[in-house]
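What follows is each chain in one-letter form.
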Amino acid sequence: MNIDNIQAIAEDIKRMQAASPEELEQLRLKYLSKKGVIASLFGAFRDVAAEQKKEFGQKLNLLKQQAQERFDQLKEEIEAQKEKAEKQDLTRTCDSIALGTRHPLSLVKEEIINIFSRIGFTVAEGPEVEDDKHVFGMLNFAPEHPARDMQDTFFIEKEKGIQKPTDILLRTHTSSVQTRVMTTQQPPIRVLCPGRVYRNEAISARAHCFFHQVEGLYIDKNVSFADLRQALLYFAKEMFGENTKIRLRPSYFPFTEPSAEMDISCNICGGTGCGFCKQTGWVEILGCGMVDPNVLESCGIDSKVYSGFAFGMGVERIANLKYSVKDLRLFSENDVRFLEQFEAC
Ligand code: PHE
């Protein structure tokens, strides 16, 4: 044994490679085991001349240490490779699949539902093709009452050639679902009615012949206008941020008395005035009011015992405000360049 010999072994150890646990074991047997190269060098150490013992001893100890370090390093590498291989999903296709995105109206609708579900509202749904009774009649729209003109209705012709309006129509609001709930359930009632509605309007950036609503209805004993205001304030803050303010302006709907329209402080300029809020600092987001006793009675609910509030909002309107979408038509054109922008939402 001589110094050069140890040096050569040290070089071999530095270059030591192992691609599998088996190869690593071979290296361990060769260098680090009891019968390995290093052990035999320690064996030969006995025969080294006394004056060289110190130098040899140091070199040998260093060699042993280097071999152990290299071995540990290789072991770690092999384990990391194994872990990586185990994490690979071999059932995946090699081409990446372009996933679709959630539609902004679905995102906003679900957010509205989430917010109200936290204060006990559940969802009720109903048909889009409705009869006059559920859309107007039971909601206190008198026959021939001009209030029916508030919502330009698409009537469905029952028979070919018959032009005059029939009883069957496309619902103009999801209040029709509320009449269905009120006629089949007794209070307490706390429902949200999301869905698509239709109105005979010319299509432009600001109007469409169909849009989406979420309406809400709460009926119980002693429900007051203060409850309505508080529920809507909670909604506005959850939807548009803690600093959002609301204001209620008197309005008219046949099915609520008193009725109001709710504005929120413009979330684009923060209430200071901008083009979006027409410099007023406020934007209208929904209609609401206390359910008219006539409506409760026509649905079979005792208006002397129960009272309630209702509200209705356009999902497109809320989405416009939330995402600053200027043209309503974008929501129904399905242009992927528009839809892709909601990927992370
Ligand atoms: N149904 C009304 C509309 O579509 C909205 C509304 C609902 C107003 C409930 C008041 C109470 O315009």
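About the thresholds
Residues numbered from 1 in each chain as written. Predicted model: local features only at pLDDT ≥ 70, side-chain atom pairs only at ≥ 80, totals over all residues. Heavy atoms only, no water. Pairing = 2+ DSSP bridges. Helix = DSSP H or I, 4+ residues; strand = E, 2+ residues; numbered from the N terminus. Near = heavy atom within 4 Å. Polar contact = N/O pair within 3.5 Å; in protein donor to acceptor, adjacent residues only side chain to side chain. Areas by Shrake-Rupley, 256 points an atom, 1.4 Å probe, with all protein chains shown as cover. Nonpolar A, V, L, I, M, F, W, Y, C, P; charged D, E, K, R; others polar. Expected span 1.5 Å × (residues − 1). Buried < 20%, exposed > 50% of the residue type's maximum accessible area, 1.4 Å probe, protein only. Contact = heavy atoms within 4.5 Å. Axes fitted to C-alpha atoms, helices over the stretch in contact; angles between N-to-C directions. Parallel < 35°, antiparallel > 145°, perpendicular 65-115°, else oblique. Disulfide = S-S within 2.5 Å. Phe/Tyr/Trp six-rings, centres within 6.5 Å; stacked < 30°, edge-to-face > 60°. Lys NZ or Arg CZ within 6 Å of the ring centre and 35° of its normal. Lys, Arg positive; Asp, Glu negative; His and termini not counted. Salt bridge = Lys/Arg side-chain N within 4 Å of Asp/Glu carboxyl O. Core = buried A, V, L, I, M, F, W, Y, C linked by side-chain atoms within 4.5 Å.

1. Some thoughts on the sheet that holds strand β5 (residues 210–220)
Turning to step 1, where the next piece is worked out: Spatially, the 7 strands line up as an open sheet ordered β1-β4-β5-β9-β8-β7-β6, and their pairing is mixed. The open sheet is flanked by β1 (122–123) and β6 (246–253), the only strands paired with a single partner.
Turning to step 2, where the next piece is worked out: With 7 bridges joining them, β6 and strand β7 (residues 256–265) adopt antiparallel strand pairing. Note that in β7 the partner of F253 across the bridge is T256.

2. Quick look at the site of the ligand
Turning to step 1, where the next piece is worked out: Lining the immediate surroundings of the ligand are 14 residues, of which H173, S175, R199, Q213 and E215 lie closest.
Turning to step 2, where the next piece is worked out: A distance of 3.1 Å separates a nitrogen atom of the ligand from a polar atom in the side chain of S175.
Turning to step 3, where the next piece is worked out: Taken by itself the ligand offers 330 Å² of open surface, and the protein chains cover 92% of this.
Turning to step 4, where the next piece is worked out: Those elements that provide at least two residues to the shell around the ligand are β5, β8 (282–291) and β9 (307–314).
Turning to step 5, where the next piece is worked out: Among the residues making up the shell around the ligand, the classes are represented as 5 nonpolar, 7 polar and 2 charged.

3. Focus on helix α8 (residues 225–240)
Turning to step 1, where the next piece is worked out: Here α8 contains 16 residues, and its C-alpha end-to-end distance of 22 Å stays within 8% of the 22 Å for a straight helix at 1.5 Å per residue.
Turning to step 2, where the next piece is worked out: If you check which residues of α8 are buried, you get L228, A231, L232, L233, F235, A236, M239 and F240.
Turning to step 3, where the next piece is worked out: Those residues of α8 that are buried lie in contact with α5 (104–117), β6, β7, β8, β9 and α10 (315–323).

4. Quick notes on the packing of helix α1 (residues 3–14) against helix α4 (residues 53–87)
Turning to step 1, where the next piece is worked out: Running from N to C, α1 and α4 point in directions that differ by 10°, and their axes come no closer than 10 Å. By the angle class used here, α1 and α4 are roughly parallel. Only E55, F56, K59, L60, L63, Q66, A67 and R70 of α4 make contact with α1, whose side of the interface consists of I3, I6, I9, A10, I13 and K14.

5. Section: the state of the cysteines
Turning to step 1, where the next piece is worked out: Across all of its chains, the model carries 0 disulfides by this definition.
Turning to step 2, where the next piece is worked out: You can see C193 has no disulfide; the closest cysteine sulfur is in C299, sitting 12 Å from it.
Turning to step 3, where the next piece is worked out: Given the relative accessible area of 0%, C193 is considered buried.
Turning to step 4, where the next piece is worked out: For the unlinked cysteine C288, the closest cysteine sulfur is that of C193, found at 15 Å.

6. Examining the packing of aromatic side chains
Turning to step 1, where the next piece is worked out: With the rule as written, the count across this model stands at 14 aromatic pairs.
Turning to step 2, where the next piece is worked out: Measuring from centroid to centroid gives 6.4 Å for F309 and F311, while their planes differ by 35°, and the two rings are tilted.
Turning to step 3, where the next piece is worked out: Using a relative accessible area of 2% as the deciding quantity, one classes F309 as buried.
Turning to step 4, where the next piece is worked out: F311 gets classed as buried once you look at its relative accessible area, which sits at 2%.
Turning to step 5, where the next piece is worked out: One aromatic cluster is present, built from ring pairs that chain together F116, F121, Y218, F235, F309 and F311.
Turning to step 6, where the next piece is worked out: The cationic tip of K64 hangs over the ring face of F42; the distance from NZ or CZ to the ring centre is 5.9 Å.
Turning to step 7, where the next piece is worked out: Here the basic side chain of R196 rests over the ring of F210, its NZ or CZ set 4.6 Å away from the ring centre.

7. Overview of the side chain of E316
Turning to step 1, where the next piece is worked out: Mapped onto the secondary structure, E316 falls in helix α10.
Turning to step 2, where the next piece is worked out: No salt bridge is formed by the buried E316, whose closest oppositely charged neighbour, R196, lies at an N-O distance of 6.9 Å.
Turning to step 3, where the next piece is worked out: For E316, the contacting residues outside a window of four places in its chain are L105, F211, H212, L328 and F331.

8. With respect to the nonpolar core
Turning to step 1, where the next piece is worked out: Judged by nonpolar contacts, the single largest core of 45 residues is most densely connected at I112, F116, I264, I285, F309 and F311.
Turning to step 2, where the next piece is worked out: Of all elements in the fold, only α5, β5, α8, β7, β8, β9, α10 and α12 (336–339) reach the threshold of two or more residues within this core.
Turning to step 3, where the next piece is worked out: For this core, the element with the highest residue contribution is α8, accounting for 8 residues.
Turning to step 4, where the next piece is worked out: Discounting chain neighbours no more than four positions away, the residues touching F309 are F121, G216, L217, Y218, V223, S224, D227, L228, A231, G289, M290 and V291.
Turning to step 5, where the next piece is worked out: Core analysis: the next-biggest nonpolar cluster, separate from the first, contains 24 residues, V191, L217, C299 and Y306 among them.

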